[in-house]
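# Understanding the architecture of this molecule
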Amino acid sequence: MVDPHSKESLDIFQSGQLSAEERLYYTLWSCRILSAVNLSEGQRLLAEGDDVATGYFLIDGGAMYVSGETAYRLGPGAVIGVAEGMARRPMRFDVFITKNSRAMSIPLYQADAAFANLPPTMRGIFSTVTGRTLGLPKDG
C-alpha cells in the first residue's frame, strides 16, 4: 500500500485478511490528524534529555536509540517519543535516523486532548502501558 486512503488500500483493510498488528499499523498510518514527514539519514530526531512535544510513528526506513553503550535499532512500526512525551518525562535516548525514512508526526498536545476524552478504563490501560514502556513504578 502506498496511499492509505486509496480504494485498493481500503479494500485490503476491509477484507478481513490483515492481522491485528497490520490493522493497527494501517489505522495509525491513515490517521488524518497526523502529518507525514520525511526524515534524512544521519538526522538527530530527538536528543537525550529533551522534553518531547512531538512523537513519531515510523512508516518506513530506520532509526536508532543511543545512550552511552546502549543502542536499539528501530524499523517500520516503531513509535518514538510518545511514551516520554505523554508521561512528561525527558527523552531517554538520542534518536538518529539510520536511513532515509517516512514517518507520521504525532503532536502530543492533540494526543493529550484525545487521552482526556477516553473512558477511564482506556486511560488506565494507556497509563499502564506507558509506565511499563518507561519502566516507571506503578504509582509514577
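First, a word on scope: everything that follows refers to the structure included in this document.

Quick look at the environment of I59 now. Within the secondary structure, I59 is located in strand β3 (residues 54-67). Accessibility expressed as a relative area gives 5% for I59, which makes it buried. C-alpha of I59 to C-alpha of A116: the two residues are 57 residues apart in sequence and 27 Å apart in space.

Tracing the sequence through the fold places D94 in strand β6 (residues 94-107). A distance of 2.8 Å separates a polar side-chain atom of D94 from the backbone nitrogen of E48.

Going through the model one piece at a time under the given rule, you end up with 4 salt bridges. Between K7 and D11 there is a salt bridge, with its nearest N and O atoms 2.8 Å apart. Placement of the pair is K7 and D11 together in helix α1 (residues 7-14), with a separation of 4 residues, close to one helical turn. A relative accessible area of 58% means that K7 is categorised as exposed. Among the residues examined, D11 registers a relative accessible area of 37% and is labelled partly exposed.

The next thing to look at is the pairing of strand β4 (residues 70-74). Along any regular strand, the residues point their side chains to alternate faces of the sheet. The sheet contact formed by β3 and β4 spans 5 bridges and is antiparallel. Bridge pairing in β4 links S67 to T70. The antiparallel hairpin formed by β3 and β4 contains 2 residues in its connecting segment, where G68 sits at a positive phi of about 60 degrees.

The next subject is the nonpolar core. In this structure, L45, A63, Y65, I80 and V95 are the most contacted members of the largest nonpolar core, which totals 24 residues. In terms of residue count, the dominant contributor to this core is β3 (6 residues). Contacts of L45, omitting those with residues within four sequence positions, involve L39, Y56, I80, V95 and I97.

About the criteria used
Residues numbered from 1 in each chain as written. Predicted model: local features only at pLDDT ≥ 70, side-chain atom pairs only at ≥ 80, totals over all residues. Heavy atoms only, no water. Helix = DSSP H or I, 4+ residues; strand = E, 2+ residues; numbered from the N terminus. Buried < 20%, exposed > 50% of the residue type's maximum accessible area, 1.4 Å probe, protein only. Polar contact = N/O pair within 3.5 Å; in protein donor to acceptor, adjacent residues only side chain to side chain. Salt bridge = Lys/Arg side-chain N within 4 Å of Asp/Glu carboxyl O. Pairing = 2+ DSSP bridges. Core = buried A, V, L, I, M, F, W, Y, C linked by side-chain atoms within 4.5 Å. Contact = heavy atoms within 4.5 Å.

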